[in-house]
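# Inside the fold
Here is what each chain is made of, one letter per residue.
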Amino acid sequence: MNFRKRQRPHVEVHTSALNDIMFFLLLFFLLASAVVNPNVVKLFLPRSSSGQASPQKTINVSITKDLEYYVEKEQVPFNALEQKIAAYQQANPDLTVILYADNTIAIQNVVSLTDIANKLKIKLVLATEPQK
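As the structure is a computational prediction, the values presented were derived from the model and not from experiment.

### Comments concerning the overall build of the protein
Helix and strand counts for the protein come out as 3 helices and 5 strands. Taken from the N to the C terminus, the helices and strands of the protein come in the order α-β-β-β-α-β-α-β. Of all 132 residues assigned to the protein, the portion counted as buried reaches 19%. A fraction of 70% describes how many contacts in the protein between residues 6 or more apart in sequence connect residues 24 or more apart. Total accessible area on the protein stands at roughly 11,300 Å², and carbon and sulfur atoms take up 57% of it.

Right under this line is the structure:
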């Protein structure tokens, strides 16, 4: 009987390359999470076959509780709203309208502005406030 202990070779796993990869992944996810805004409501717009680029120009349209309409902080009567938005569209064809509507107004006022945007073939996004 042979009671001598058998010498096994020493096994090493080199993890320095894995540490580098994990560090870069951690750095990537930290930077990506800092850029993402969790308070944004994502809206899915209709698709088109021509492809869409990110909008280069946006304008703000606001509707107050007194039914006053503002385009870029300039008060505009409702009957002149279409011409005002069309003027912005001529300057930039890839225009997106961001609509800020008071939560107490009737939905018909929002739909009226949506009709104007559809008539001019402009993308419209409804701005919301995050819940607390």
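Once you've had a look at it, read on.
### Focus: helix α2 (residues 81–91)
Taken together, the buried positions of α2 are occupied by L81, I85, A86 and Q89. Projected onto a plane normal to the axis of α2, the buried residues spread over an arc of 125 degrees and lie on a single side. When the buried face of α2 is taken as reference, the exposed residues oriented beyond 90 degrees from it are Q83, Q90 and A91. Close packing links the buried residues of α2 with β1 (57–63), β2 (69–71), β3 (74–76), β4 (95–101) and α3 (107–120).

### Details of the pattern of salt bridges
Here the structure, examined in full by the defined rule, presents 3 salt bridges. The salt bridge involving E82 is made with K119; its shortest N-O contact spans 3.6 Å. Of this pair, E82 sits in helix α2 while K119 sits in helix α3, and the two are 37 residues apart along the sequence. For K119, a relative accessible area of 57% corresponds to the exposed category. Between D94 and K123 there is a salt bridge, with its nearest N and O atoms 3.4 Å apart.

### Some details on the nonpolar core
Counting 20 residues, the largest nonpolar core has I59, V61, L81, I85, V97, L99 and L113 as its most contacted members. Residue assignment for this core shows that the elements contributing at least two residues are β1, β2, α2, β4 and α3. Per element, the largest residue contribution to this core is 5 residues, and it comes from α3. Those residues in contact with L113, other than ones at most four positions away along the chain, are V61, I63, L81, I85 and L99.

Rules used throughout
- Residues numbered from 1 in each chain as written.
- Predicted model: local features only at pLDDT ≥ 70, side-chain atom pairs only at ≥ 80, totals over all residues.
- Heavy atoms only, no water.
- Helix = DSSP H or I, 4+ residues; strand = E, 2+ residues; numbered from the N terminus.
- Buried < 20%, exposed > 50% of the residue type's maximum accessible area, 1.4 Å probe, protein only.
- Contact = heavy atoms within 4.5 Å.
- Areas by Shrake-Rupley, 256 points an atom, 1.4 Å probe, with all protein chains shown as cover.
- Arc of directions from axis to C-beta.
- Salt bridge = Lys/Arg side-chain N within 4 Å of Asp/Glu carboxyl O.
- Core = buried A, V, L, I, M, F, W, Y, C linked by side-chain atoms within 4.5 Å.

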